[in-house]
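Fold and contact review
What follows is each chain in one-letter form.
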Amino acid sequence: MIPDDVATELGRVVRRWQQLPLDRAAERVAGVQDLMADLAGEPLPDLGPAVVMDQLRVVVFDACRAEGESPHLAQRLASLRLTWA
C-alpha cells in the first residue's frame, strides 16, 4: 500500500528520530505535527515525542491509501529528516 520510496524514507525518518536525544526530539515535534496535519487535513493531538513516530506511520499509511499515489511524500519525509541534522 505504501510505495517503496515512501516506505524507505519513512524507515529512515523513524530510525533517525530514535537516535535523537529526548530534548532535541521534543523541540522537533512541531515539524512532524505540521507534516501530519497537512497529510491528514486536520491537526492531530500532540502526544509527545515518544508517540509521534507511531502517529506519523499511521498518517502516512492513510495518506497513501487515500490518494493511491502520494506525490513528493518521500521527498517531504526526507526534508523533514534532514532538518534534524
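Considering the overall build of the chain
A count of helical and extended segments in the chain gives four helices and zero strands. What you see in the chain, going N to C, is helices and strands ordered as α-α-α-α. Relative to the globule expectation of 12 Å for 85 residues, the C-alpha radius of gyration of the chain, 12 Å, shows essentially globular dimensions. On the principal axes, the C-alpha backbone points of the chain span a range of 35 × 25 × 15 Å.

Observations concerning helix 2 (residues 22-40)
Compared with the 27 Å implied by 1.5 Å per residue over 19 residues, the 25 Å span of helix 2 between its first and last C-alpha is a close match. Most pronounced at Arg28, the bend in helix 2 amounts to some 40 degrees. Those residues of helix 2 not exposed but buried are Ala25, Val29, Val32, Gln33, Leu35, Met36 and Leu39. Of the residues trailing helix 2, Gly41 is marked for its positive phi of about 85 degrees.

Things to note about the side chain of Glu9
Looking at where Glu9 falls in the secondary structure, it is placed in helix 1 (residues 4-19). A polar contact of 2.6 Å, which involves the side chain of Glu9, links it to the side chain of Arg81. Apart from residues lying up to four places away in sequence, Glu9 is in contact with Ala74, Leu77, Ala78 and Arg81.

What counts and what doesn't
Residues numbered from 1 in each chain as written. Predicted model: local features only at pLDDT ≥ 70, side-chain atom pairs only at ≥ 80, totals over all residues. Heavy atoms only, no water. Helix = DSSP H or I, 4+ residues; strand = E, 2+ residues; numbered from the N terminus. Rg over C-alpha atoms; globule rule 2.2 N^0.38 Å. Expected span 1.5 Å × (residues − 1). Bend = angle between axes of the 7 residues up to and from the residue. Buried < 20%, exposed > 50% of the residue type's maximum accessible area, 1.4 Å probe, protein only. Polar contact = N/O pair within 3.5 Å; in protein donor to acceptor, adjacent residues only side chain to side chain. Contact = heavy atoms within 4.5 Å.

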